[in-house]
Amino acid sequence: MAADATTRTETFPSGIVSVALGEVVRQVPVDEPSPLPPNALLAVIGKPVPRQNGRAKVTGATTFTVDVTLPGMLHGRILRAPLPHAVVRSIDSSAAARHPGVCAIMPIVSPGDSATATVRYVGAPVAAVAAVSVAAAEEALRLVRVDYDSLPFVVDLDKACEPTAPAVYDSASAPMGHASGFPAAPGLPLHGNVRGPATDVRGDPTQGFAQSDVVVEGEFRTQVQTHCCLEPHAIVADWRADGLTVYMSTQFTAGVRHELAETFGLPLNSVRVIVDGMGGGFGSKSSLGNYGRIAVALSRQARAPVRLVLDRKEEQMDSGNRPGTWQHLKIGAKRDGSLAAISLTSYGTAGVALGAGIGNVAQSMYACPNFEAAQHDVFINAGPGCAMRAPGNTPGAWAIEQAIDEIAERLSIDPLALRDRIDLSPVRREERRIGAERIGWQRRHGPGTDSGPIRRGLGVAQSLWGANVQINCACEVRVMRDGSVEVRSSVQDIGTGIGTVLAQVVAEVFGLRVDQIAVRIGDTEFPAGPPSHGSRTTASITPAARTAACQVLQLLLREAALALNAAPGNLIAREGRILVRDDPSRGMSFIDATARLRTDRISAVASRGDDYSDFRRRMGDAAMAQQDLGGVQFAAVAVDTETGIVRVERVVAVQDCGRPMNPLLIESQVQGGVLMGVSYALFEERILDQHTGRMVNPNLEQYKLAGSFETPAIDVILLENYQGQSATDAYGIGEPASIATAPAIANAVYNAIGVRVRSLPMTPAAILTALGKVPLRKSRT
Amino acid sequence: MIETASAIIGTVEAKEANTESVIGPDPVSITLRVNGVARILQVEPRMTLAEALRGSLGLTGTKIACNRGACSACTVWLDDVTVCSCMMLAIEVGARNVTTIEGLAVGDKLHPVQTAFVEHDALQCGFCTPGMVMSCAALLEHQSDPTADDVNAAISGHICRCGTYPHVVAATLAAAKARKA
């Protein structure tokens, strides 16, 4: 393609460095910066830089939303339904309103009208108060009298599918689309509690199975997992005549601002959302939420700031969860291992919400000409699910990655060799090679051939995740006359250290140290940054930051050029100096250059351009890059066949995130993803009482989480994979790091004991059941 | 009642804390020795130490995540013992010295565990971090040369959803080494 006036031709580094680093020529828009060299040639990007807000976090100085106190601030609490399905007949809040500490009280449901007064899960909001203290608010809630007409309910996935099951919704009241924050196809039929199927067909599966030499078939289950953010969902809402300011523990300041403006009929310029410390979200803090709307409404009513913090029980019951699934998977293969057909049926439940699909791993990871899927959402009387770290693909990988191993065994092909044959991704091919070497794959024995009470095994599994990008994403870079530099965006640091990465990007452009860049983020007064979900933060904001910084540098070089009597294009910024490229003995310090500025500052705002070879898909403010993010994880386990305890001894995680921007921070994220996978595999499960609909483990001790002693040795290995697609060529890591862990452990458990466990979590009881040592346990949702 | 509760952690200062047989529900005046400073504050008897620190005293570095002793985010030192500050009442503290995350550094000089946490990236969202730091620093007070298992034991009651345990262990071992050097 010939260059026109709006583009120019550039040559980018391209390829996986450990395989071969080559080049790719692309047309790029003229306002994009010059290609960023590979990390080996850079001063700051790609280096293990400690996070810039680390000191504040280890000294307790960071202000989290739960720490925000405003003058005259009140405390909000929510009255929640004690029944899983009921119509609210009346709410009498007169006694509560007389409580001396109460400043505002409001019903959340409208009694009497079955359409709007129905509560559908234990923990659904019914009324709310704002009072002078949390204790006063809770005292007031106890004075609210609510009359309920109890309705039949169902909290079990299997029972909810039966035609005679109590209906959670009727066709008029059922949510239709994106109700849970995670996409669900619109316009699907509802039969009882079962919505769907969402179908996907490719080729002719029937013929594919007929031509198969082997067919494996199995049912797989995944449990409901809760997010368990350490900082509860929290908001401080400050409604004033001249505008609304909200402090919120959120993954998306700009998105929440938009929701607030729409919900309360305010112009965007009078809504401000701020977050400094953000104590974990994992998908559950992506939107305003019912608690957010309630806090703002209370503040408006009370004419005072209101802080609303969920307690741990509310966190577990009504702040989202990863939907549980039942999957039936059938795969046919030829003798040489090539796949002939895949057929997948799923029934998942996000409680009263939609979004229990199982993603696209089965559709997309392996070459297979014939494919069919039918995915269903099943409503139950339980708290709404929402996106949770790699939604869909995490339960999806649980099934497909075990089934692929079964095919390999039936064909007597090594699981890695089979994947080499059917997985076309060069990224995962290299990851398999690296990981196999690190874990010592050649010492893997046949399934169940270890002896003794404690049996060891090795397993592998792979992941697939889209390389997501937020198009509506911008960043400002400022250079002041005294040489100070700052980067500004509404993007929030949820623990990934994105602020530090932004400082690296800007420091690299100006030839400065990271600590010379002030990072101002987490405030919608700055240009709107991306959400911190969908593993898109780094991919979206770092190119914008580099583009803005390069534009500011050009302005600065113009000033320096006059002083140095050189062409601006012949100047470079390096090690705190502005130098003449072909005569580095001539130059001036960065500060001397900025001192020459005519005004007190120079600044540029840049947005995320399109990927240079365009996106594969655009969806509103978001887009998906051409390439996928692949990961391969290996697990080494020891299974105690007498107690049923599975111990994960080691995980080797080989991951791709394009250009690694900061390996220290990425290692932390990958370790966290692996650990969340270990916890999902072995411990976590929301348990609902079938007779009352209540969660029986709504806390952090009976809801089991992996702790320090359950943490395996985790080897993190990052590919350095250049595509020449953006100003930084960086993509995400948070979700890809978590998808493959559980099936890798399951495949290792199979290798250890020779029995396949198809339900999560793999508790001691499940292992002993699989070994035939205790009777079959009834499944739970 | 107060004496019994205080006995849980071994020292009894109930007399000093309050001599009346029945107190509350209205606030009572107590003195808390926090980070070397005696602070007088009004607390309702039902107020936990964590609430008193975070509310009345404005020491919000101590975090409440589960409010029932299951996650250790609220860990502070009572003299030289780590406790979950959500699991004791403010009126139980008596004359013992409370050390919170704000009191660990000496002026601008971070505790070696704090320095090592930053260098080893032993934190992500940072919400469990103050509690983690307090437990790891306490470990080094009692054991100058810990093993990885010692660190794992010291933080076994802590929950970190971001999964920082490997870096927490590495940081604490490095801090122990740095202190000896």
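All of these numbers come straight from a predicted model, not from anything done at the bench. (Residues numbered from 1 in each chain as written. Chains lettered and ligands numbered in written order. Predicted model: local features only at pLDDT ≥ 70, side-chain atom pairs only at ≥ 80, totals over all residues.)

A. The arrangement of the overall build of chain B in detail. The helix and strand inventory of chain B stands at seven helices and five strands. When the helices and strands of chain B are placed in sequence order, the string is α-α-β-β-α-β-β-β-α-α-α-α. Evaluated residue by residue, chain B yields a buried proportion of 56% over its 181 residues. (Helix = DSSP H or I, 4+ residues; strand = E, 2+ residues; numbered from the N terminus. Buried ≥ 20, exposed ≤ 12 C-beta atoms within 10 Å, placed from the backbone.)

B. Examining the overall build of chain A more closely. Summing up its helical and strand segments, chain A has 19 helices and 31 strands in all. Taken along its principal axes, the extent of the C-alpha atoms in chain A is 85 × 75 × 45 Å. Looking at chain A as a whole, 59% of its 781 residues are labelled buried. A fraction of 79% describes how many contacts in chain A between residues 6 or more apart in sequence connect residues 24 or more apart. (Contact = placed C-beta atoms within 7 Å.)

C. Molecular detail of the sheet that holds strand β1 (residues 7-16) of chain A. Residues and elements named next belong to chain A. With antiparallel pairing, three strands are arranged side by side in an open sheet as β2-β1-β31. Strands with a single pairing partner mark the edges of an open sheet, and in this sheet they are β2 (22-29) and β31 (721-722). Where β1 meets β31, two bridges bridge the pair, whose relative direction is antiparallel. Across the sheet, the residue bridging to Ile16 is Asn721, located in β31. (Pairing = 2+ DSSP bridges.)

D. Summary view of the packing of helix α13 (residues 498-510) of chain A against helix α14 (residues 537-564) of chain A. Residues and elements named next belong to chain A. Interhelical geometry of α13 versus α14 gives an angle of 30 degrees and a closest axis separation of 9 Å. When the axes of α13 and α14 are compared, the pair comes out roughly parallel. Seen along the crossing, α13 lies across α14 with a hand that is right-handed. Listed contacts from α14 to Ile498, Val501, Leu502, Val505, Val506, Val509 and Phe510 of α13 are Thr537, Thr538, Ile541, Thr542, Ala545, Arg546, Ala549, Cys550 and Leu553. Looking at the contact of α13 with α14 residue by residue, the class counts come to twelve nonpolar, three polar and one charged. (Axes fitted to C-alpha atoms, helices over the stretch in contact; angles between N-to-C directions. Parallel < 35°, antiparallel > 145°, perpendicular 65-115°, else oblique. Left-handed = near helix turned anticlockwise from the far one by under 90°. Nonpolar A, V, L, I, M, F, W, Y, C, P; charged D, E, K, R; others polar.)

E. Looking closely at the interface of chain A and chain B. Between chain A and chain B, the residue contacts involve 40 residues of the former and 37 residues of the latter. Of all the secondary structure elements, the ones that give two or more residues to the side of chain A that touches chain B are α1 (54-58) and α16 (663-682) of chain A. Counting residues per element, the side of chain A that touches chain B draws most heavily on α16(A), at seven residues.

F. Up close: helix α5 (residues 129-142) of chain B. Taking 1.5 Å per residue as the helical rise, α5(B) with its 14 residues ought to reach 20 Å, and the 20 Å between its terminal C-alpha atoms agrees with that figure. Buried residues dominate α5(B), accounting for eleven of its 14 residues. Those residues of α5(B) that sit buried are B:Thr129, B:Pro130, B:Gly131, B:Met132, B:Val133, B:Met134, B:Ser135, B:Cys136, B:Ala137, B:Leu139 and B:Leu140. Close packing links the buried residues of α5(B) with α1 of chain A together with β3 (75-78), β4 (81-84), α4 (112-119), α6 (148-154) and α7 (165-180) of chain B. (Expected span 1.5 Å × (residues − 1).)

G. Seen up close, the domain arrangement of chain B. Residue and element names in this part refer to chain B. Domain boundaries in chain B define domain 1 (2-100) and domain 2 (112-180). Facing the 13 residues of domain 1 at the interface are eleven residues of domain 2. For the side of domain 1 that touches domain 2, the element with the highest residue contribution is β3, accounting for three residues. Among the residues forming the side of domain 1 that touches domain 2, the class breakdown is six nonpolar, five polar and two charged. (Domains from an automatic or database assignment.)

H. Highlighting the sheet that holds strand β2 (residues 37-43) of chain B. Residues and elements named next belong to chain B. Taken together, five strands build an open sheet; the order of strands is β2-β1-β5-β3-β4 and the sheet is mixed. Edge positions in the sheet fall to β2 and β4, since each has one partner strand and no second. Averaged over all adjacent pairs, the angle separating strand axes in this sheet is 40 degrees, with direction ignored. Where strand β1 (residues 28-34) meets strand β5 (residues 97-99), two bridges bridge the pair, whose relative direction is parallel. Bridge pairing links Val34 to Val98 in β5. α5 contacts β3 and β4 of the sheet and is inclined by roughly 40 degrees relative to β3.

I. Structural detail: helix α6 (residues 253-264) of chain A. Residues and elements named next belong to chain A. Between the first and last C-alpha of α6 there are 16 Å, a value that for twelve residues agrees with the 16 Å anticipated at 1.5 Å per step. Those residues of α6 lying buried are Thr253, Ala254, Gly255, Val256, Arg257, His258 and Leu260. Check the buried side of α6 and you find it contacts β13 (243-248), β14 (271-274) and α7 (289-302). Directly after α6, the chain includes Gly265, whose backbone phi takes a positive value near 65 degrees.

J. Just the domain arrangement of chain A, in detail. Domain boundaries in chain A define domain 1 (45-56 + 472-609), domain 2 (65-153 + 233-309), domain 3 (167-227 + 321-404) and domain 4 (443-465 + 627-770). Taking the mean C-alpha position of each, domain 2 of chain A and domain 4 of chain A sit 36 Å from one another.

K. The environment of A:Gln655, seen in detail. Residues and elements named next belong to chain A. Position of Gln655 among the secondary structure elements: in strand β29 (residues 646-655). Here Gln655 falls in the buried class, since 30 other C-beta atoms lie within 10 Å of it. Expressed as a C-alpha distance, the spacing of Gln655 and Ile541, which sit 114 residues apart in the sequence, is 21 Å. Every residue in contact with Gln655, bar those within four places of it in the chain, is listed here: Gly631, Val670, Leu718, Ile733, Pro736 and Ala737.

L. Focus on the packing of α5(B) against α7(B). Residue and element names in this part refer to chain B. Running from amino to carboxyl end, α5 crosses α7 at an angle of 40 degrees, the nearest separation of the two axes being 10 Å. Taken together, the axis directions place α5 and α7 in an arrangement best described as oblique. The handedness of the crossing between α5 and α7 comes out as right-handed. Together, Met132, Cys136, Leu139 and Leu140 of α5 and Val168, Thr172, Ala175, Ala176 and Arg179 of α7 make up the contact between the two elements. Grouping the amino acids of the contact of α5 with α7 by side-chain chemistry returns seven nonpolar, one polar and one charged.

M. Expanded view of the environment of A:Ile439. Residues and elements named next belong to chain A. Within the secondary structure layout, Ile439 lies in helix α12 (residues 426-439). Residues Ile439 and Phe634, spaced 195 residues apart in sequence, show a C-alpha to C-alpha distance of 7.0 Å. The contact partners of Ile439, leaving out residues within four places of it in the chain, are Leu458, Phe634, Ala636 and Val652.

N. Representation of the environment of A:Gln316. By the secondary structure assignment, A:Gln316 is in helix α8 (residues 312-318). Expressed as a C-alpha distance, the spacing of A:Gln316 and A:Asp156, which sit 160 residues apart in the sequence, is 17 Å.

O. Expanded view of unusual backbone geometry. The step from A:Gly196 to A:Pro197 runs through a cis peptide bond, and the omega angle for that step is 10 degrees. The residue A:Pro197 is located in strand β10 (residues 194-202) in this model. Following A:Leu760, the chain continues into A:Pro761 via a peptide bond in cis, with omega recorded as -5 degrees. Within the secondary structure, A:Pro761 sits in the loop between α18 (741-753) and α19 (764-770). Phi angles above zero are rare outside glycine, and A:Ser412 is one such case at about 55 degrees. Tracing the backbone shows A:Ser412 in the loop between α10 (393-410) and α11 (415-422). The phi dihedral of B:Asn67 is positive, around 60 degrees, even though this residue is not glycine.

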